[in-house]
Amino acid sequence: MTDMEGTTDDPTYLTYSEDGKQRHGHLLGLFGISELEELTDRWVLTNRRLYYDVAAWLAVKNLNERQSDIIPSLPSLLGDDCDFHWTYEARDTQNSQANGVGDLLAATEEPRSVSTTTSTGSNANSTKWQHPYAIAGGVFSSVTLPMSTLSGAYGMPFISGSATSSALDAKPLFSRTLPTNAADAHAAMIYYSNLGVTHVAIFFEKDPYGESYNALLHVSAKRVGITLVSIPFTMQDLEESVQRLKQTGFRYIYSVMQNREEALIAAVEGGVLGNEKYSWICAEMENFKALEFQLSNEDPRDRSLAQALDGIGVFVLAFPEHERFQSALTDFSNNPEMEADFIAAHPEQDTRELLEFPPPQFNVAQPAFYDAVIALGIASCRTPGLFTGAEMHKTLLNTTFEGTTGQVAFDSRTGTRSVDSARFRLDSMFVSEERSDDNFTRFGYRLSNIVLDGKVEQVDDYLYYGNSTIPPASLPQLEHDYNLIPLGVQITGWVLGAVVMLVSAGLIIGTIVKRHDYVVRAG
């Protein structure tokens with residue numbers, strides 16, 4: 001391919017090989033794959049997010065090999081004349097805004113040895129440092145927002161497979177392989193309307209993700225005639241916010257937060273969760289559904305959280321399962337050679353020491369991240385020369401292909417995935433007596449409803465608190481006080497009534513006694 005004249009003043013971060021026959025681009029992965037375990041105060045891997053990173057790494061490997069068992073059409077999508085080669089590194093943001101921005105800056109400034117995925121599958125090659133030309137990652141929207149702002153300033157396209165806040169639509173050079181929360185919000189209100197619910201309280205964390213989602217819920221609720229009241233909270237005013245929530249009297253609560261166990265415990269303590277009077281649905285909160293998730297019966301905090309989760313709903317986007325992709329992740333977890341190559345792509349020693357590869361627990365974002373990197377690869381092959389980020393991003397927005405999540409296409413205005421028919425699922429969590437024991441409470445979950453094309457399909461009964469299948473009322477039963485007359489007026493009425501009855505009785509008695517007396521005599 002020949003070099004294309006730049007259409008912007010943005011820099012190019014690509015290089016040519018020594019013989020000038022191959023272009024090189026370095027892809028940066030920014031994923032929050034670990035979290036702080038409170039009981040042990042140490043960082044541990046989260047299974048599902050670890051495999052976000054693995055999915056991106058596998059995509060780079062398939063791109064360099066020019067073949068994929070996951071997407072057999074990949075060679076034709078890239079084209080016979082594709083001369084692009086990718087290297088990949090990934091950093092663990094720990095789902096922190098500060099860490100995410102810090103990791104991005106470190107990747108753009110620190111000279112280092114990087115690993116590469118070659119056509120033979122070896123991933124231990126060392127090459128000179130190269131500035132990232134694009135970024136894949138961003139687990140939570142609140143963390144993705146500042147990272148995408150910075151990447152846009154650097155002229156690097158940023159693509160995500162899990163950040164869904166509509167606030168990201170305004171970010172330059174941003175794209176994603178999931179729809180925004182506008183689709184989630186509409187589907188959630190369709191579900192409530194189908195259930196006959198007329199009043200819903202929105203309990204949302206006051207951050208960009210929560211505020212954006214809340215605004216979208218109000219737009220959708222207005223369309224279907226549901227009354228909403230919104231209660232924002234921060235971790236500093238949590239108890240006060242729970243009391244405001246209770247004062248609304250609303251019994252159906254839709255929560256928008258990011259893995260806030262403290263918020264759920266506070267709701268239990270405030271009496272608005274963990275009982276038969278209330279029904280909660282949590283948006284996108286899948287972390288409690290992990291098979292290894294359990295709560296100690298000895299810990300008061302865990303007992304409160306177990307009470308909170310019994311009967312709670314989880315509402316998420318749901319793509320159809322892709323067997324070849326799931327098989328590829330499973331094969332990776334049993335392949336020490338690939339695991340070693342993956343570890344080598346992580347420059348931070350702390351992250352390398354954490355990495356281990358249990359069998360994957362699947363969710364919707366893993367294939368979405370695979371498709372995200374494949375989309376970057378296709379666009380990179382189709383954009384000629386040592387392109388800038390803006391030039392490649394323009395090509396990306398016109399890229400379409402059949403991926404692991406179905407037909408992938410982007411809105412040319414926002415970079416967000418275009419989805420004609422978004423499919424959502426509602427799962428109800430419940431305490432599993434079979435899996436629990438004297439020491440730990442464990443959970444099961446049941447797929448109860450699918451929302452697709454504005455219609456609700458019931459798959460199974462939804463389990464409310466205590467395994468009940470009876471939904472609570474939208475509002476508490478009104479208690480009417482019919483004693484609206486002041487006491488003084490009541491006493492006056494009683495006295496007058498007594499006088500009337502006495503006079504009436506006297507007249508009746510007089511009439512009976514005098515009934516034989518003549519009133520008028522004839523002359």
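Residues numbered from 1 in each chain as written. Predicted model: local features only at pLDDT ≥ 70, side-chain atom pairs only at ≥ 80, totals over all residues. Heavy atoms only, no water.

1. Examining the pattern of salt bridges
For step 1, the next point in the chain: Using the criterion set out here, one finds 13 salt bridges in the structure.
For step 2, the next point in the chain: Linking Glu-348 and Arg-91 is a salt bridge whose minimum nitrogen-to-oxygen distance equals 3.9 Å. Placement of the pair is Glu-348 in the loop between α11 (336–344) and α12 (349–354) and Arg-91 in strand β5 (residues 84–92), with a sequence separation of 257 residues.
For step 3, the next point in the chain: Residue class for Arg-91 comes out buried when judged on its relative accessible area of 5%.
For step 4, the next point in the chain: The closest approach of N and O atoms between Arg-446 and Asp-460, which form a salt bridge, is 3.6 Å. Residue Arg-446 is found in strand β18 (residues 440–452), and its partner Asp-460 is found in the loop between β19 (455–458) and α15 (487–513); the two are separated by 14 residues along the sequence.
For step 5, the next point in the chain: Owing to a relative accessible area of 33%, Asp-460 belongs among the partly exposed residues under this scheme.
For step 6, the next point in the chain: In the salt-bridge network here, residues are joined through shared partners; they are Glu-89, Arg-91 and Glu-348. (Salt bridge = Lys/Arg side-chain N within 4 Å of Asp/Glu carboxyl O. Helix = DSSP H or I, 4+ residues; strand = E, 2+ residues; numbered from the N terminus. Buried < 20%, exposed > 50% of the residue type's maximum accessible area, 1.4 Å probe, protein only.)

2. As for the state of the cysteines
For step 1, the next point in the chain: Here the structure, examined in full by the defined rule, presents 1 disulfide.
For step 2, the next point in the chain: In this model Cys-82 forms its disulfide with Cys-381; the gap between the sulfur atoms is 1.9 Å. Residues Cys-82 and Cys-381 share a disulfide whose torsion about the S-S bond is about -55°; that sign makes it left-handed. Here Cys-82 is found in the loop between α2 (74–78) and β5, whereas its partner Cys-381 is found in helix α13 (residues 365–382), with 299 residues between them in sequence. Here Cys-82 and Cys-381 have matching classes, each one buried. (Disulfide = S-S within 2.5 Å.)

3. Examining helix α7 (residues 238–248)
For step 1, the next point in the chain: Restricting attention to buried positions, one finds in α7 the residues Leu-238, Ser-241, Val-242 and Leu-245. Taken around the axis of α7, the buried residues stretch over an arc of 100°, which confines them to a single face. Exposed residues on α7 whose side chains face more than 90 degrees from its buried face are Glu-239, Glu-240 and Gln-247.
For step 2, the next point in the chain: Buried residues along α7 sit in contact with β9 (199–205), β10 (227–233), β11 (252–256), α8 (261–269) and β12 (279–283). (Arc of directions from axis to C-beta. Contact = heavy atoms within 4.5 Å.)

4. Considering the layout of surface pockets
Take a probe with the size of a water molecule and roll it over the atoms, and the empty space left behind shows itself.
For step 1, the next point in the chain: Of the voids in this model, the second largest pocket is the one considered here, and its volume is about 560 Å³.
For step 2, the next point in the chain: Of all the secondary-structure elements, those providing two or more residues to the lining of the second largest pocket are β14 (313–317), α10 (323–333), α13, β17 (423–431) and β18.
For step 3, the next point in the chain: The element best represented in the lining of the second largest pocket is β18, accounting for 3 residues.
For step 4, the next point in the chain: Tallied by class, the residues present in the lining of the second largest pocket amount to 13 nonpolar, 6 polar and 6 charged. (1 Å grid on protein atoms, 1.4 Å probe; cavity = no way out; pocket = protein on both sides within 12 Å on 5 of 7 lines; lining within 4 Å. Points joined across faces, edges and corners; volume = space filled by probe spheres on them. Nonpolar A, V, L, I, M, F, W, Y, C, P; charged D, E, K, R; others polar.)

5. Describing empty space enclosed by the protein
For step 1, the next point in the chain: All chains considered together, the criterion is met by 2 cavities of 30 Å³ or more.
For step 2, the next point in the chain: Roughly 50 Å³ of internal volume is contained in the largest cavity.
For step 3, the next point in the chain: The volume enclosed by the second largest cavity comes to roughly 40 Å³.
For step 4, the next point in the chain: Pro-11, Thr-12, Tyr-13, Tyr-133, Phe-387, Thr-388 and Gly-389 are the residues that line the second largest cavity.
For step 5, the next point in the chain: Considering only residue class, the lining of the second largest cavity consists of 4 nonpolar, 3 polar and no charged.

6. Focus on the environment of Ala-345
For step 1, the next point in the chain: Position of Ala-345 relative to the elements: it lies in the loop between α11 and α12.
For step 2, the next point in the chain: On the basis of relative accessibility, which here comes to 2%, the residue Ala-345 falls in the buried class.
For step 3, the next point in the chain: Sequence spacing of Ala-345 and Ala-90 is 255 residues, and the spatial spacing of their C-alpha atoms is 6.2 Å.

7. Considerations on the packing of aromatic side chains
For step 1, the next point in the chain: Tallied over the full model, the rule gives 22 aromatic pairs.
For step 2, the next point in the chain: Relative to Tyr-133, the ring of Phe-84 lies with its centre 5.5 Å away and its plane at 45°, an arrangement referred to as tilted. Of this pair, Phe-84 sits in strand β5 while Tyr-133 is found in strand β6 (residues 132–137), placing the two residues 49 residues apart along the sequence.
For step 3, the next point in the chain: Ring geometry for Phe-315 versus Phe-424: centroids 5.7 Å apart, planes at 5°, classification stacked. With Phe-315 in strand β14 and Phe-424 in strand β17, the pair connects residues that are 109 residues apart, well separated along the chain.
For step 4, the next point in the chain: The rings of Tyr-191, Tyr-192, Tyr-209, Tyr-213, Tyr-252 and Tyr-254 are connected pair by pair, giving a single aromatic cluster.
For step 5, the next point in the chain: Looking at Arg-251, its charged tip hangs above the ring of Tyr-278, at a distance of 5.2 Å from the centre. (Phe/Tyr/Trp six-rings, centres within 6.5 Å; stacked < 30°, edge-to-face > 60°. Lys NZ or Arg CZ within 6 Å of the ring centre and 35° of its normal.)

8. Quick notes on the side chain of Thr-405
For step 1, the next point in the chain: For Thr-405, the position within the fold is in the loop between β15 (401–403) and β16 (406–408).
For step 2, the next point in the chain: In contact with Thr-405, not counting residues within four places along its chain, are Phe-319, Pro-367, Ala-368, Asp-371 and Arg-417.

9. Digging into the nonpolar core
For step 1, the next point in the chain: Tyr-88, Tyr-133, Tyr-370 and Ile-374 are the most contacted members of the largest nonpolar core, which has 74 residues in total.
For step 2, the next point in the chain: When residues no more than four places from it in sequence are discounted, the contact partners of Ile-374 are Ala-59, Leu-63, Ile-71, Leu-74 and Phe-401. (Core = buried A, V, L, I, M, F, W, Y, C linked by side-chain atoms within 4.5 Å.)

10. Structural notes on unusual backbone geometry
For step 1, the next point in the chain: The residue Arg-66 is not glycine, and still its phi comes out positive at about 60°.
For step 2, the next point in the chain: Located in the positive-phi region is Asn-467, a residue other than glycine, with phi close to 65°.
For step 3, the next point in the chain: Along the polypeptide, Asn-467 turns up in the loop between β19 and α15.

11. Some details on the environment of Ser-151
For step 1, the next point in the chain: Along the chain, Ser-151 turns up in helix α4 (residues 141–154).
For step 2, the next point in the chain: Judged by its relative accessible area of 1%, Ser-151 falls in the buried class.
For step 3, the next point in the chain: With 49 residues separating them along the chain, Ser-151 and Val-200 place their C-alpha atoms 38 Å apart.

12. What about the confidence of the model for the chain?
For step 1, the next point in the chain: When pLDDT is averaged across the chain, the result is 88; 90% of the residues are at 70 or more.
For step 2, the next point in the chain: Least confident of the elements in the chain is α15, whose mean pLDDT is 82; most confident is strand β7 (residues 158–160), at 98.
For step 3, the next point in the chain: Below pLDDT 50 for its whole length, residues 114–126 participates in 44 contacts with residues either more than four positions away or in separate chains. (pLDDT = per-residue confidence, 0-100.)

13. Examining a nonpolar patch on the surface
For step 1, the next point in the chain: Taken together, the side chains of Leu-487, Ile-491, Trp-494, Val-495, Val-499, Val-503 and Leu-507 make up a nonpolar region of the molecular surface, amounting to roughly 710 Å² of accessible area.
For step 2, the next point in the chain: Along the chain, Val-499 falls in helix α15. (Patch = residues over 30% accessible without salt bridge, like charges linked within 9 Å, V, L, I, M, F, W, Y side chains within 5 Å. Areas by Shrake-Rupley, 256 points an atom, 1.4 Å probe, with all protein chains shown as cover.)

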